[in-house]
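Here is what each chain is made of, one letter per residue.
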Amino acid sequence: MKTKQLALACAIALSALVAAPAFAQTSADDTTDAQTSTTIGPESTRLSTEFSTFAGSDTNSQALVTGLRDGTAITLDQTVTNADGTTSTTQTTIQPATGPLGYGNVRIALALAEASLAQQGITDPTAEEIAAALNGGTLTLADGTTVDLNGVLADRAAGQGWGQIANAMGFKLGDLMRSPNAVAHAAAAAHGHADAKVAKVDLATHGRAGAHASVPDHVGAMAKIDRPERPTRPERPERPERPQLPDHPTHVGRPGG
């Protein structure tokens, strides 16, 4: 009887050992799925939808949001129609100059990049133009003039706040975030050359990929704009000296005194 009980106990233990690796594998797969669903969640989807027109496609927009959020390389596809009617696709890789960003900062970065290109009349940017707006570069317009873009991510990595970057571009960050498309289109219309043709884009190559320290993420997304210093109060004028009272006349004695 004892022999049968011992054999049964050994069989149960052996079954548990065989099942353990399978359980561990299932748990690892569940963890991977959870991480994937966290990366592409509702906020990520909302942002990619908001900037799909700017990015040129839903795929490019999702790549921008994910890459900026994780601080990883971004690959954008650019499809062009050749003279013979065929199409060809090229790829542009962008390594964000900053580290990982929160979703609020991702939205600010993309809105500023869109506005910086719209200022030059570029409302339907190519992948290279988007790269220049983010990390910096030189745009050579069709008329031969050149435009240098600092790159909103490069400025951020250099320690500037989002408010400073927006002010340098001539925008108020609050207005831009309330209606990024309206501000961008207004900037393009002000220049009178919407959808400007760019002949060449020279991307900045300063070793920014991974060279800058990660900029800490601030809760609330937007950086505070420095308040102007209060004007110095004018000094109070000194009070004029009180005039001295005349000396009292000496008391005259009574007559007959």
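These remarks concern the structure in this document. Numbers given to residues run from 1 along each chain, matching the order in which its sequence is written. Where local features are concerned, this predicted model is filtered to residues with pLDDT of at least 70; where side-chain atom pairs are given and counted, the filter is 80 or more; whole-chain, interface and lining totals use all residues. Note that the side-chain values use all heavy atoms of the structure and ignore hydrogens as well as water.

Thoughts on helix H8 (residues 162-169)
Turning to step 1, where the next piece is worked out: Relative accessibility thresholds used throughout: buried, under 20% of the residue-type maximum; exposed, over 50%; partly exposed, between the two (1.4 Å probe, protein chains only). Here a helix means four or more residues in a row that DSSP labels H or I, a strand means two or more in a row labelled E, and each is numbered from the N terminus. The set of residues buried in H8 consists of Trp 162, Gly 163, Ile 165, Ala 166 and Met 169. Taken end-on, H8 shows its buried residues confined to a sector of 160°, consistent with a single buried face.
Turning to step 2, where the next piece is worked out: Residue contacts follow a heavy-atom distance rule, with two residues in contact if any of their heavy atoms lie within 4.5 Å. Taken together, the buried residues of H8 touch helix H5 (103-118), helix H7 (152-157) and helix H9 (173-178).
Turning to step 3, where the next piece is worked out: Count one or two residues on from H8 and you reach Gly 170, which has phi positive near 95°. Throughout, the arc means that of the directions going from the helix axis to the C-beta atoms.

Observations concerning the pattern of salt bridges
Turning to step 1, where the next piece is worked out: Here, a salt bridge means any Lys or Arg side-chain nitrogen found within 4 Å of an Asp or Glu carboxyl oxygen. All told, the structure shown has 4 salt bridges when counted by the stated rule.
Turning to step 2, where the next piece is worked out: Across the salt bridge formed by Arg 46 and Glu 43, the nearest N and O atoms sit 2.8 Å from each other. With a gap of 3 residues between them, Arg 46 and Glu 43 both fall in helix H2 (residues 42-50), about one helical turn apart.
Turning to step 3, where the next piece is worked out: Classification of Arg 46 by relative accessible area gives partly exposed; the value is 41%.
Turning to step 4, where the next piece is worked out: In this structure Glu 43 comes out as partly exposed when scored by relative accessible area, which is 32%.
Turning to step 5, where the next piece is worked out: Residue Arg 46 pairs with Glu 50 through a salt bridge whose shortest N-O separation is 3.6 Å. Pair noted here: Arg 46 and Glu 50 are both in helix H2, with a separation of 4 residues, about one helical turn.
Turning to step 6, where the next piece is worked out: Given a relative accessible area of 28%, Glu 50 falls into the partly exposed group.
Turning to step 7, where the next piece is worked out: Linked through salt bridges whose partners overlap, the residues forming this network are Glu 43, Arg 46, Glu 50 and Arg 107.

Things to note about the pairing of strand S3 (residues 137-141)
Turning to step 1, where the next piece is worked out: Where burial is concerned, most of S3 is hidden: 4 out of the 5 residues are buried.
Turning to step 2, where the next piece is worked out: A pair of strands is considered paired only if DSSP assigns at least 2 bridges between the two. Where S3 meets strand S4 (residues 146-149), 4 bridges bridge the pair, whose relative direction is antiparallel. Bridging from a neighbouring strand, Gly 137 pairs with Leu 149 of S4.
Turning to step 3, where the next piece is worked out: Hairpin connection of S3 to S4: 4 residues between the antiparallel strands, including Gly 144 at a positive phi of 95°.

A short note on the packing of H2 against H5
Turning to step 1, where the next piece is worked out: The axes used here are C-alpha line fits, helices contributing only the stretch in contact, and every angle between their N-to-C directions lies in the interval 0 to 180 degrees. Closest axis-to-axis distance for the H2/H5 pair is 11 Å, and the angle between their directions is 5°. In terms of orientation, H2 and H5 fall into the roughly parallel class. Contacts from Glu 43, Ser 44, Arg 46, Leu 47 and Glu 50 in H2 reach Tyr 103, Val 106 and Arg 107 in H5.
Turning to step 2, where the next piece is worked out: Among the residues forming the contact of H2 with H5, the class breakdown is 3 nonpolar, 1 polar and 4 charged. For this classification, under 35 degrees means roughly parallel, over 145 means roughly antiparallel, 65 to 115 means roughly perpendicular, and everything else is oblique. Three classes are used: nonpolar for Ala, Val, Leu, Ile, Met, Phe, Trp, Tyr, Cys and Pro, charged for Asp, Glu, Lys and Arg, and polar for all others, with Gly counted as polar.

Concerning the environment of Phe 171
Turning to step 1, where the next piece is worked out: With respect to the helices and strands, the residue Phe 171 is situated in the loop between H8 and H9.
Turning to step 2, where the next piece is worked out: Classification of Phe 171 by relative accessible area gives buried; the value is 10%.

Digging into the packing of H2 against helix H4 (residues 58-70)
Working note: a packed helix pair is described by the angle between its axes plus the distance between those axes.
Turning to step 1, where the next piece is worked out: Viewed as axis vectors pointing N to C, H2 and H4 meet at an angle of 130°, and their least axial separation amounts to 8 Å. Judged on the interaxial angle alone, H4 and H2 are oblique. Considering only the axes of H2 and H4, their crossing is right-handed. Contacts between H2 and H4 pair Ser 44, Thr 45, Leu 47, Ser 48 and Thr 49 from the former with Ser 61, Gln 62, Val 65 and Thr 66 from the latter. Helix crossings get a hand from a simple test, with the near helix turned counterclockwise from the far one by less than a right angle marking a left-handed crossing and a clockwise turn marking a right-handed one.

Some thoughts on the packing of aromatic side chains
Turning to step 1, where the next piece is worked out: Ring pairs are drawn from Phe, Tyr and Trp, using the six-membered ring of Trp, whenever the two centres fall within 6.5 Å, and their geometry is named by plane angle: stacked under 30 degrees, edge-to-face over 60, tilted for the rest. Inspection of the entire model under this criterion finds 0 aromatic pairs.
Turning to step 2, where the next piece is worked out: We call a charge positioned over a ring when the NZ of a Lys or the CZ of an Arg lies within 6 Å of the ring centre and within 35 degrees of the ring normal. Taking NZ or CZ as reference, Arg 69 lies 4.9 Å from the ring centre of Tyr 103, over its face.

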